[in-house]
Amino acid sequence: MEVRYRPGQWVAVTGPRTWLLVAAAADAPLVARCWQLARTGADELELLNALVAEGLRAVRGFAVAGYADGVGQVVVRGEVTVTAVDADGTERVVTAEGMATWVESRLTGSLARLLFTGPVADGPALPLDSGVVHAGALEIIVGQRLAGVRAEQADTPIEPVSDAVAHDHLFGAEPDPIPIEPDPIPVEPDPIPVEKPAPIPVSADKPAESRSEPAPEIGNTTLLTPVPAIPEGTTNVITHLAWAVADDPGATRMRATGPSAPPTPMVVLAIRCESGHWNPPHALSCRVCGSGVPPQQPIEVPRPSLGVLRLTTGDLVQLDRGVLLGRQPDTAAVDQPVRPHVVRLRSPLGDISRNHVEVRLHGWQVLVADLGSRNGTVVCPPADLPFDLVARQPVEIQPGTVVNLATDIGFVFEVTG
Amino acid sequence: MPVAGEPRIRAGAATDVGLVRVANEDNYVITASVFAVADGMGGHAAGDVASGLAVAGLAQLGTEGTVRPDDVRRHIVRLNGDILAAAARNPEQAGMGTTVTGLCLVDFAGSPHWVVFNVGDSRVYRYAEKDVPGVRVLEQLTVDHSEVGELVAAGKLSPAEAAVDPRRNVVTRALGSPAAPEPDLFVYPLTAGERFLICSDGLTGELDDAAIAGLLDREEDPRDAAATLVRAAVAAGGRDNVTTVVVDHVAADPGAGDTPADDETAPRQVG
């Protein structure tokens, strides 16, 4: 089994028994999913399942084929054709032209090679055992297996497959040797090359460095299984995609795609004011700057800071998470979805409890709860009468609310840009 | 600017390239008030440049007067710009990045507090008594900014699955990002007897929590603890660079503050 590809605009994903050419961005989650499947030996139907998982409209073109032990199939959608060439030179073209969904076709035991032809392919044919590359065409030569199959059927010695089908096809009549050209693929600059440069002497100025002697017998046995070898210098695998490189499992990498939403507790539905501040879905004026908020469809965003607590000491606590305040506070006293700020308040008279009061964030709401303090907590809303909190009964507070834990010790809830 | 109560802090650090990598792209910093680890990313040793810039920048914190938690946040965001600017000047460093994780001592609400900060998948652990007196437990204070960390936090992946997931090394926030990452940052009061461990993922990739806690328990001196942890991670495989900083808050200054040391909250005098 030999696989070669020509550089192009689509993405090829190849594994030990399945091959895919798809119209997708190289960093699309779809490609990552297919690579995970292909490299672990999944069959073509599993890949097909992954390809259409987001609906047919999400992927406008692909060709996927699998072939093992003399049987397989090919599935084609959109602007790509697959040519199946039998050992006797018979060609069969699988195309989905005019089809709304896809076309599938069985592959038989006499298969010699498969050619995937996308809309654009140029440059030399390059070998690829297993990996993800920008490609426009793909060729799979099923040579050795075919020779074996045919040898059982006939006593006549079989010519090498490459000679048997020595007609003018996409990749030329001469499968090897492969012309090796340096860096032939016009992929975007590689921001995080993962391959290692020549050994760099580690700077000697790092203090207290503990340099263990190498212990290769330990290191070697614990290395993860490498992927099938890709000839060095021939295949330009898309190494800047974090998941595309399987031979360096320990390297820390930046994610190739943009930021994702943080875990669910920190996501809110929001709309923007004219100045761009995020606001609750039903806000009419901006909570930060007071400007108008035009009608719009709310979207999910990471929850912005809901404001600050301005302590009587002058210190500010960002409301990007909850807050626990007390004389000797212990996070075990509260149950918050995200680890809160923990603020120790000085209490010259000792009248602040160890765990006195907590501020919780719930969606866009800011809630305050007394934690069963000895001397209680007083809430002073901006335009209303002060009241005592009932222990462990959270109360929503509005900007401008003053919360007092003791004489001259407390905080104001403020919303700032 | 000394912080109130003058806490006594002792710290030690160790780093090792490991058995597989050719370069050590981790860096760390220990100053009077900043303790941090940075795990660099990027080929051709650019990762070492990025993590070096990060720790050198952090060392500046506290050299110009009182530090507030928001100063730490602004400082980290500024470091992101510094790393981008350096990469723009040197094409071979394009795309370099680094995690940065650690502790900064600040004076807050009239007493010393830690600011625990994190961008990326390096970690801060606290090793101290929690619910049971006399029993020290290890708890991770930071939340990993990694794909699996987010999936675990969202309940879509168990921690056991996360440990072997191929995406476990993909960080979702790093310094050197085109859009400045939002640092995770929270304040935390100092308590005598607490030990903190700041480490790159080369440690936690090789040693589980029980092994880490065992070594933190065994080694009294923070320098020994840091070195022992690194040695153990290298012996366990050393597949990545390993860096540790161990920070001990040794004992409270007896004259610290004017907070009553007793356990009772005084009833308020009315009138």
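Above this note sits the structure.
Residues numbered from 1 in each chain as written. Chains lettered and ligands numbered in written order. Predicted model: local features only at pLDDT ≥ 70, side-chain atom pairs only at ≥ 80, totals over all residues. Heavy atoms only, no water.

Participant: Pulling in residues and values, what's your account of the overall build of chain A?
Facilitator: Helix and strand counts for chain A stand at five helices and 25 strands. Counting across all 417 residues of chain A, residues that qualify as buried make up 48%. Within chain A, residue pairs in contact and separated by at least 24 positions form 60% of the contacts whose partners lie at least 6 positions apart. (Helix = DSSP H or I, 4+ residues; strand = E, 2+ residues; numbered from the N terminus. Buried < 20%, exposed > 50% of the residue type's maximum accessible area, 1.4 Å probe, protein only. Contact = heavy atoms within 4.5 Å.)

Participant: Mind laying out helix α1 (residues 46-58) of chain B, listing which residues take part and the relevant values?
Facilitator: Counted at 1.5 Å a residue, the expected span for α1 of chain B with its 13 residues is 18 Å, and the 18 Å between its end C-alpha atoms agrees. Taken as a whole, α1 of chain B has its buried residues at Ala-46, Gly-47, Ala-50, Ser-51, Ala-54, Val-55, Gly-57 and Leu-58 of chain B. (Expected span 1.5 Å × (residues − 1).)

Participant: For the sheet that holds strand β7 (residues 123-129) of chain B, give the residues involved together with the corresponding values.
Facilitator: All names here are of chain B. Reading across the sheet, the five strands line up as β1-β12-β11-β7-β8 and stay open at both edges, with antiparallel pairing between neighbours. With one partner strand each, in any of the chains shown, β1 (9-16) and β8 (136-140) form the two edges of the open sheet. The sheet shows a mean angle of 15 degrees between the axes of neighbouring strands, taken without regard to direction. Packed onto the sheet, helix α6 (residues 209-218) meets β7, β8, β11 (195-199) and β12 (242-249) and runs at close to 130 degrees relative to β8. Sheet contacts for helix α7 (residues 222-235): β1, β11 and β12; angle to β1, the most-contacted strand, approximately 25 degrees. (Pairing = 2+ DSSP bridges. Axes fitted to C-alpha atoms, helices over the stretch in contact; angles between N-to-C directions.)

Participant: Before we move on, could you go through helix α2 (residues 44-51) of chain A and cite the residues and values that matter?
Facilitator: In an α-helix, one turn spans 3.6 residues, which is why side chains three or four residues apart end up on the same side. Residues and elements named next belong to chain A. Taken as a whole, α2 has its buried residues at Glu-44, Leu-47, Leu-48, Ala-50 and Leu-51. Viewed along the axis of α2, the buried residues span an arc of 160 degrees, placing them on a single side of the element. In this structure, the buried residues of α2 make contact with β2 (18-22), α1 (29-39), β3 (62-68) and β4 (71-77). N-capping of α2 is provided by Asp-43, with a side-chain oxygen placed 3.1 Å from the backbone N of Leu-45. (Arc of directions from axis to C-beta. Polar contact = N/O pair within 3.5 Å; in protein donor to acceptor, adjacent residues only side chain to side chain.)

Participant: So what about the packing of aromatic side chains? Which residues, and what values?
Facilitator: All names here are of chain B. Scanning all chains against the criterion turns up three aromatic pairs over all chains. Consider the rings of Trp-114 and Phe-196, whose centres lie 5.5 Å apart with planes at 70 degrees: the pair is edge-to-face. Of this pair, Trp-114 sits in strand β6 (residues 111-119) while Phe-196 sits in strand β11, and the two are 82 residues apart along the sequence. Residue class for Trp-114 comes out buried when judged on its relative accessible area of 0%. Here Phe-186 and Tyr-188 contribute two aromatic rings whose centre-to-centre distance is 6.5 Å and whose plane-to-plane angle is 75 degrees, an arrangement assigned as edge-to-face. By relative accessible area, which is 3% here, Phe-186 ends up buried. An aromatic cluster of at least three residues, connected via ring pairs, comprises Phe-35, Trp-114 and Phe-196. (Phe/Tyr/Trp six-rings, centres within 6.5 Å; stacked < 30°, edge-to-face > 60°.)

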